[in-house]
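# Fold and geometry: a report
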Amino acid sequence: MTRTPETAAELSPEPSANARPVIEFEDVCFAYNREEVLHNISLSVPGQTLTAVVGPNGAGKSTFVKLTLGLLSPVRGRVRVFGDAPARVRRRIGYVPQHIQFDSDFPVSALDVVLMGRAEKHWIGPYRRTDRDKAEKALVQVQLQQLARRSFSSLSGGERQRVLIAQALVANPEILLLDEPTANVDTQVEHEIYELLHELNRQMTIVVVSHNLNVVTRHASHLICVNRVASLCRMTEMTEDRIHAFYRGDMAMLQHSADCQIFDPSNAMREPHHDVKGEDRS
Ligand code: ADP
């Protein structure tokens, strides 16, 4: 095990100043049943960063993720990934859900779960030797090769999360998007998962949703604060004042269990919609 990292900058090399944005939101608004949950969002995630998405429950983090994956379309504005509509570049994005549903009576091995990441490519017929090779390689990447034949249901929370990361890696993504990968693990395992993300960040852009601002300030290079509105900054620009202005709470309060409320910072939700340069429903 490597030594404990001290700062995000130490772990994530600063992307070059001209790192191209890989995810772009331009004047994006989104509503469920006419109730707007994201308002006037404009931000660009630079390539090769480790960007954390934080905000209290109900802030709009999952909605942000679904827009990035092209599972939802904005009501106003547009989302671009690699300069294209998200749905068109979906295969270049690896998504790691918090959980997967499976029948615990059905014997699924860790390797089987990773192979499901190849299912899009082979939705008819059995997996090929190359699929198995790629799945085994992905398990090596997450340092779980020794558990390939173990039943998925017998794995610990941290091991399951690594298997789900391997499942996303098997399709060779250029962006890895993770939804609260450390929600159900202890502090030590959480730290190990972030170390793994730093390793992977050498090869790909990482965007990770987290409920724990204290943890991501140590690990991420960039931060997206979501609270119905959203803004992105480098971690080095993050200050308690900024958090306070955004959430009216101190940094330690920004957790699911804490008292940090959804609110309308500076009445931003009441601002008129920004100029819309074109809706994107592709
Ligand atoms: P977060 O991930 O930050 O907890 P979400 O993006 O899941 O927040 O939700 C933002 C808001 O949108 C919440 O008020 C939530 O209740 C609402 N919401 C989420 N999904 C739906 C849906 N399918 N239909 C209606 N409202 C939804």
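Analysis parameters
Residues numbered from 1 in each chain as written. Predicted model: local features only at pLDDT ≥ 70, side-chain atom pairs only at ≥ 80, totals over all residues. Helix = DSSP H or I, 4+ residues; strand = E, 2+ residues; numbered from the N terminus. Buried ≥ 20, exposed ≤ 12 C-beta atoms within 10 Å, placed from the backbone. Contact = placed C-beta atoms within 7 Å. Near = placed C-beta within 6 Å. Nonpolar A, V, L, I, M, F, W, Y, C, P; charged D, E, K, R; others polar. Pairing = 2+ DSSP bridges. Axes fitted to C-alpha atoms, helices over the stretch in contact; angles between N-to-C directions. pLDDT = per-residue confidence, 0-100. Core = buried A, V, L, I, M, F, W, Y, C linked by C-beta atoms within 7 Å. Parallel < 35°, antiparallel > 145°, perpendicular 65-115°, else oblique. Left-handed = near helix turned anticlockwise from the far one by under 90°.

## Some details on the overall build of the chain
Each helix and strand in the chain was counted, giving eight helices and nine strands. The burial tally for the chain puts 40% of its 282 residues in the buried class. Residue pairs at least 24 apart in sequence account for 71% of intrachain contacts in the chain once pairs closer than 6 positions are excluded.

## With respect to the site of the ligand
Neighbouring the ligand are the residues Y32, N33, V37, G55, N57, G58, A59, G60, K61, S62 and T63. Top contributing element to the shell around the ligand by residue count: helix α2 (residues 61-69), with three residues. When the residues that make up the shell around the ligand are grouped by side-chain class, the tally is three nonpolar, seven polar and one charged.

## So, the sheet that holds strand β7 (residues 205-210)
Taken together, six strands build an open sheet; the order of strands is β5-β6-β7-β3-β8-β9 and the sheet is mixed. Sheet topology places β5 (93-96) and β9 (229-234) at the edges, where each strand pairs with a single neighbour. Averaged over all adjacent pairs, the angle separating strand axes in this sheet is 15°, with direction ignored. Along the sheet, α2 makes contact with β3 (50-54), β5, β6 (175-179), β7, β8 (222-227) and β9, crossing β6 at roughly 150°. Contacts between helix α6 (residues 187-201) and the sheet are confined to β3, β6 and β7, with β7 contributing the most and set at about 155° to the helix.

## Let's talk about the sheet that holds strand β1 (residues 21-32)
A sheet is described by the order of its strands in space; here three strands give the open sequence β2-β1-β4, paired in antiparallel fashion. Only two strands of the sheet have a single partner each, and these edge strands are β2 (35-46) and β4 (76-81). Neighbour to neighbour, the strand axes of the sheet diverge by 20° on average, direction disregarded. Pairing between β1 and β2: eight bridges, direction antiparallel. Each bridged residue has a counterpart across the sheet, and for I23 the counterpart in β2 is V45. Against the sheet, α2 makes contact with β1, β2 and β4, and its axis sits at roughly 120° relative to β1, the strand it touches most.

## So, the confidence of the model for the chain
Scored by pLDDT, the chain comes out at a mean of 83, with 79% of its residues at no less than 70. Within the model, the stretch residues 255-261 combines pLDDT values under 50 with 13 contacts to residues more than four positions away or in other chains. Residue range residues 278-282 is modelled with pLDDT below 50. Its contacts to residues more than four positions away, or to other chains, number 13 contacts.

## Considering the pairing of β4
Of all six residues making up β4, five are buried, and the element is well covered by its neighbours. Judged from the five bridges that link them, β1 and β4 form a sheet pairing that is antiparallel. Each bridged residue has a counterpart across the sheet, and for C29 the counterpart in β4 is R76.

## Regarding the environment of T217
Considering the arrangement of structural elements, one finds T217 in helix α7 (residues 213-219). Through-space distance from the C-alpha of T217 to that of A52 is 8.6 Å; in sequence the pair is 165 residues apart. In this view, T217 contacts M235 and M238; residues no more than four positions away in its chain are not counted.

## A few points about the nonpolar core
Grouped together as the largest cluster of nonpolar side chains are 63 residues, with contacts concentrated most on A110, V114, L139, A166, L176, L177 and L223. Here this core gets six residues from one element, more than from any other, and that element is helix α5 (residues 157-169). With residues up to four places along the chain from it excluded, the contact list for L139 reads A110, L111, V114, L144, Q145, A148 and A166.

## Considerations on the packing of α5 against α6
It is at 10 Å that the axes of α5 and α6 come closest, and there the two elements cross at 20°. The angle between the axes of α5 and α6 places the two elements in the roughly parallel class. α6 is crossed by α5, and the crossing has right-handed handedness. In contact with G157, G158 and Q161 of α5, α6 contributes V189, E192 and I193. The residue inventory of the contact of α5 with α6, partitioned by class, reads two nonpolar, three polar and one charged.

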